[in-house]
Amino acid sequence: IETGQLNLSPNPVRDQMNIAFELNSWRGAEAIIEILDLQGKRIWVDKMNIHGPGAYVYEWKGWDLSHQRVSEGMYMVRVVVGDQVFTGQFIKLSE
């Protein structure tokens, strides 16, 4: 398993945030993007098509799985692409 850091901007975030990562290699997998609370509970999950090595950006709109705005606090992001795992943390501010 390869690991890497995510570039999360803006951070702290009020509404939407860009989740950026770079793949040095690719084995035909899609990206799974997860937003988790600090207890590890999944707040949001989505998939993203990957077409090869390179830079990718996913725009998270600030919603949870019920399509409600996420409340303020600290959260984690995990992006999994095959055997590559990227992680980061961010602070969500009130709007």
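Our subject is the structure that appears above.
A brief structural summary. Here the structure is a predicted model, which means the values were calculated and not measured. Counting restarts for each chain, with residues numbered from 1 along the sequence as it is written. Only residues with pLDDT of at least 70 get local features here, since the model is predicted, and only at 80 or more are side-chain atom pairs given and counted; chain-wide, interface and lining totals rely on the full set of residues. In computing side-chain properties, one takes all heavy atoms of the structure into account and sets aside hydrogens as well as water.

## Thoughts on the side chain of D64
To qualify as a helix, a DSSP run of H or I must reach at least 4 residues; to qualify as a strand, a run of E must reach at least 2; elements of each kind are numbered from the N terminus. With respect to the helices and strands, D64 occurs in the loop between strand 6 (54–60) and strand 7 (73–81). Residue exposure (1.4 Å probe, protein chains only): buried if accessible area is under 20% of the type maximum, exposed if over 50%, otherwise partly exposed. Counting rule for charge: Lys and Arg are taken as positive, Asp and Glu as negative, and neither His nor the chain ends is counted. A side-chain nitrogen of Lys or Arg and a carboxyl oxygen of Asp or Glu constitute a salt bridge if their distance falls within 4 Å. No salt bridge is formed by the buried D64. Its closest oppositely charged neighbour is K41, at 7.7 Å.

## Looking at the environment of K92
Residue placement: K92 occurs in strand 8 (residues 84–92). For K92, a relative accessible area of 2% translates into the label buried. Put simply, K92 and P12 are 80 residues apart on the chain and 5.8 Å apart in space, counted from C-alpha to C-alpha. By definition in these notes, contact holds between two residues if any of their heavy atoms fall within 4.5 Å. Discounting chain neighbours no more than four positions away, the residues touching K92 are V13, R14, V70, S71, E72, G73 and Y75. One polar contact links the side chain of K92 to the main-chain carbonyl oxygen of R14, over a distance of 2.8 Å. Definition of a polar contact: a pair of N or O atoms within 3.5 Å, with one able to donate and the other able to accept a hydrogen when the atoms are protein atoms, and with sequence-neighbouring residues admitted only if both atoms are side-chain atoms.

## Description of the nonpolar core
Counting 24 residues, the largest nonpolar core has I19, F21, I35, W60, V77, V79 and F90 as its most contacted members. For this core, the secondary-structure elements that each account for two or more residues are strand 3 (17–23), strand 4 (31–37), strand 5 (42–48), strand 6, strand 7 and strand 8. When residues no more than four places from it in sequence are discounted, the contact partners of F90 are L8, N11, V13, M17, I35, W60, G73, M74, Y75, M76 and V77. By nonpolar core we mean a set of buried residues, namely Ala, Val, Leu, Ile, Met, Phe, Trp, Tyr and Cys, connected to one another through side-chain atoms within 4.5 Å.

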